[in-house]
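Architecture at a glance
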Amino acid sequence: MLRVAVVGSGPSGVYTAQSLVEQTAVPGVRVHVLDRLPCPYGLVRYGVAPDHEKIKSLQGSLRTVLEHERVTFLGNVAVGGPPLTPERLLGLYHAVVYCVGAARDRRLGIPGEDLEGSRSATDFVSWYSAHPDAPAHRFALGGVRSAVVIGAGNVAVDVTRVLARDAEELRPTDVPARVLAAFAASRVREVHMVARRGPSQGRFTTKELRELGTLPAARVAVDPDDLAPDPAYADPAGLPAVNRRNVEVIRSWAQPRPPGAADGSRTIRLRFHLRPVELLGRSGRVVGVRFERTVPDGTGGVRGTGVFEDIPADLVLRAVGYRGAAPEGLPFDPVRGTVPHAAGRVLRDGAPSPGEYVAGWIKRGPSGVIGTNRPCAKETAGSVLADAHLLARRAVAEDPLAALRSWGLAPVGWAGWRSIERAEADLGRALGRGPVKIPDWPGLLAAAEPGA
Ligand code: NAP
């Protein structure tokens, strides 16, 4: 009987497990889903914004997979360095599928990026999502009046929207008390979301973009001067439907406001054709961002004009994409930020490495929505199953769980995770709220202990 380890319990890991146990070609496959954290669901728990309840509810279908009789969740198990190297892991399972995501944020590579008050959007997301590795008080919003978000993808939209929210809007979500307190102290008045290209080249999806215009305490403003049409797309019909719809939404915000329209206390300013060249600082803190105005270069890109504009900022979040971090012990293509593979089979020196596979962002790079991981995981699971006859011949340990424990690891199983869930519900009840996330390692591990 084939025993597979899936490393990572985010959507790509869970969809891989699902593909492996729900097929009939190779009966009885058993899957252990390992995660570094004691909690499952990866970016669905620690990346999807707290006010996106509908996407968060995906946890329900991921849960069904993790509760499958041939799937075992093992949290608090870090794969990489000692004691659990990829080599050791491969000695425990017939196959190992790495679904470890793209852990690093990309940088801008411009002066001032490391000034205090300049951070990656990923840091902000981890903090409000209660990731146990996020420093507790990293973001104080009491001193922030103007925030600049650099980038025009869905992450930029997420952090822009969350920054423009009131504490009361976040109260029904599962954000920790300290995040709620930071939002209660927020003095944010302006959030500038700044794209280096034009409105037709935003990477956000229309639903997410449109949501910016629905916030109770904020209005969206677009400068009509930023909307110069791109000659590469002189005929809007040449644009993909999503970009065309995005342009329509953005143009609607550039219209004069109807008389009597309610005004929010905050303004979200969508800016285009501005590329960041320097973060400006005073006494080590960021005070603004210098942008160079760009114009379309006729091929879908932009070129600089030598005209500069400074936008004041007490907080700068760069939301310019993720990149894969080299998983310890696995081959890595630093340019693509992915593990080299053929249909999910890890390639070492160009040849498939027996028993090693990848799925998700570490396989194809950080793009697509959650559902994109389904076909990706299915392809990798298909490769595992096609190789099953060879994999079954690999000598593996009798009892992987006993081996993990003998190396000093203390896996948190499904019962432990359910205990954490109960503790989060209790915490929320005590605060007069729905479930509230436990934001630190000691708290999570204490809650996971049997009987806690
Ligand atoms: P993304 O979609 O790749 O967007 C990155 C943005 O950063 C682009 O606008 C890009 O502009 C800009 N950028 C890159 N380098 C830059 C630079 N040096 N200076 C200025 N701007 C720069 O990345 P993401 O927003 O991190 O999202 C990652 C993935 O997660 C996406 O597939 C996204 O859809 C998904 N996601 C989905 C949701 C959701 O469905 N609600 C939420 C969050 C994330 P150019 O286009 O000009 O390169």
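Residues numbered from 1 in each chain as written. Predicted model: local features only at pLDDT ≥ 70, side-chain atom pairs only at ≥ 80, totals over all residues. Heavy atoms only, no water.

Ordered in space as S6-S14-S7-S8-S10-S9, the six strands form an open sheet in which the pairing is parallel. The open sheet terminates on both sides in strands that have one partner only, identified here as strand S6 (118–120) and strand S9 (218–222). In this sheet, adjacent strand axes meet at a mean angle of 20 degrees when their direction is disregarded. Sheet topology note: the S6/strand S14 (residues 315–318) ladder contains three bridges and is parallel. By the bridge assignment for S14, Arg119 is matched with Leu317. (Pairing = 2+ DSSP bridges. Helix = DSSP H or I, 4+ residues; strand = E, 2+ residues; numbered from the N terminus. Axes fitted to C-alpha atoms, helices over the stretch in contact; angles between N-to-C directions.)

Moving on to empty space enclosed by the protein. Across all of its chains, the model carries one cavity of 30 Å³ or more by this definition. One number sums up the size of the largest cavity: a volume of about 50 Å³. Asp105, Arg106, Ala121, Thr122, Val155, Arg318, Ala319, Val320, Gly321 and Tyr322 are the residues that line the largest cavity. Counted by class, the lining of the largest cavity contains five nonpolar, two polar and three charged residues. (1 Å grid on protein atoms, 1.4 Å probe; cavity = no way out; pocket = protein on both sides within 12 Å on 5 of 7 lines; lining within 4 Å. Points joined across faces, edges and corners; volume = space filled by probe spheres on them. Nonpolar A, V, L, I, M, F, W, Y, C, P; charged D, E, K, R; others polar.)

Our next topic: unusual backbone geometry. Here the residue pair Pro82 and Pro83 is connected by a cis peptide bond, since its omega of 0 degrees sits within 30 degrees of zero. If you check the backbone angles, Tyr41 has positive phi at about 90 degrees while not being a glycine. Its identity is not glycine, yet Ala130 carries a phi of approximately 65 degrees, on the positive side.

This part is about the site of the ligand. Ala152, Arg196, Arg197, Arg203 and Gly368 are the nearest of the 24 residues found near the ligand. Residue Arg197 places a side-chain N or O atom 2.8 Å away from an oxygen atom belonging to the ligand. Taking 930 Å² as the accessible area of the ligand by itself, protein coverage stands at 85%. Counting residues per element, the shell around the ligand draws most heavily on helix H7 (residues 154–163), which supplies three residues. When grouped by side-chain class, the residues that make up the shell around the ligand number 12 nonpolar, six polar and six charged. Looking at the shell around the ligand, you find at least three residues from each of domain 1 (3–103 + 324–411) and domain 2 (106–321). (Near = heavy atom within 4 Å. Polar contact = N/O pair within 3.5 Å; in protein donor to acceptor, adjacent residues only side chain to side chain. Areas by Shrake-Rupley, 256 points an atom, 1.4 Å probe, with all protein chains shown as cover. Domains from an automatic or database assignment.)

Right, let's get into the layout of surface pockets. Where empty space is left can be seen by rolling a probe of water-molecule size over the atoms. In this structure, the second largest pocket occupies an estimated 370 Å³ of space. As for the second largest pocket, its lining consists of 19 residues, and the residues nearest its centre are Lys56, Gln59, Asp174, Pro435 and Lys437. Of all the secondary-structure elements, those providing two or more residues to the lining of the second largest pocket are helix H3 (53–56), helix H4 (59–66) and helix H16 (414–430). Among the elements that make up the lining of the second largest pocket, the one with the highest residue count is H16 (four residues). Taken together, the residues that form the lining of the second largest pocket break down as seven nonpolar, four polar and eight charged. In this structure, the lining of the second largest pocket is formed jointly by two domains, domain 1 (3–103 + 324–411) and domain 2 (106–321), each of which donates at least three residues.

Here the domain parsing of the protein chain yields domain 1 (3–103 + 324–411) and domain 2 (106–321). On a C-alpha basis, the centres of domain 1 and domain 2 stand 33 Å from each other. Taken together, the contacts link 12 residues of domain 1 with 16 residues of domain 2. In total, domain 1 and domain 2 occlude about 1200 Å² of area from one another, counting both sides; carbon and sulfur atoms represent 55% of this. Linking domain 1 to domain 2 there are three salt bridges. Taking the shortest distance from any N to any O, the salt bridge between Arg36 and Asp133 comes out at 2.6 Å. Remark: the boundary between domain 1 and domain 2 carries five residue pairs in polar contact (both at pLDDT 80 or more). Listed by contribution, the elements that provide at least two residues to the side of domain 1 that touches domain 2 are helix H2 (43–46) and H3. Partitioned by chemical class, the residues of the side of domain 1 that touches domain 2 number six nonpolar, two polar and four charged. (Contact = heavy atoms within 4.5 Å. Buried area = accessible area lost by both parts, 1.4 Å probe. Salt bridge = Lys/Arg side-chain N within 4 Å of Asp/Glu carboxyl O.)

In this section: the pattern of salt bridges. Across all of its chains, the model carries 29 salt bridges by this definition. Measuring nitrogen to oxygen at the nearest pair gives 2.7 Å for the salt bridge that ties Arg165 to Glu169. According to the relative accessible area criterion, Glu169 is buried, its value standing at 18%. Salt-bridge contacts for Arg418 lead to Glu421; the nearest nitrogen and oxygen are separated by 3.0 Å. Of this pair, Arg418 and Glu421 both sit in helix H16, three residues apart, roughly one helical turn. (Buried < 20%, exposed > 50% of the residue type's maximum accessible area, 1.4 Å probe, protein only.)

Relative to the helices and strands, Lys437 is located in the loop between H16 and helix H17 (441–448). There is no salt bridge for the buried Lys437, and the closest opposite charge comes from Asp174, which lies 4.1 Å off by N-O distance. At 2.6 Å, the side chain of Lys437 forms a polar contact with the backbone oxygen of Arg45. Beyond its immediate sequence surroundings of up to four residues, Lys437 is in contact with Arg45, Tyr46, Lys56, Ser129, Ala130, Asp174, Pro176, Glu424 and Leu427. (Lys, Arg positive; Asp, Glu negative; His and termini not counted.)

This brings us to the pairing of strand S7 (residues 146–150). A large share of S7 lies buried, amounting to five of its five residues. Every second residue of S7 is oriented toward a common face, with Ser146, Val148 and Ile150 on one face and Ala147 and Val149 on the other, all of them buried. Both S7 and strand S8 (residues 190–194) contribute to a ladder of five bridges, which runs parallel. Paired with Val149 across the two strands is Met193, which belongs to S8. Of the strand pairs in this sheet, S7 and S14 are connected by four bridges, and their pairing is parallel. Within S14, the position partnered with Ala147 by the bridge is Leu315.

Our focus in this paragraph is the packing of aromatic side chains. Scanning all chains against the criterion turns up eight aromatic pairs. Relative to Phe139, the ring of Trp127 lies with its centre 5.3 Å away and its plane at 50 degrees, an arrangement referred to as tilted. Note that Trp127 is positioned in helix H6 (residues 121–128) and Phe139 in the loop between H6 and S7, a separation of 12 residues in sequence. Across the pair, exposure class does not vary: Trp127 and Phe139 are buried alike. A centroid spacing of 6.3 Å and a plane angle of 20 degrees characterise the contact between Trp127 and Phe183, whose relative ring orientation is stacked. Taken as a pair, Trp127 in helix H6 and Phe183 in helix H9 (residues 177–184) lie far apart in primary sequence, 56 residues in all. Residue Trp127 is classed as buried on the basis of its relative accessible area, which comes to 1%. Through successive ring pairs, a cluster of aromatic residues spans Phe124, Trp127, Tyr128, Phe139 and Phe183. Positioned over the ring face of Trp407 is Arg88, at 4.1 Å from the centre of the ring. (Phe/Tyr/Trp six-rings, centres within 6.5 Å; stacked < 30°, edge-to-face > 60°. Lys NZ or Arg CZ within 6 Å of the ring centre and 35° of its normal.)

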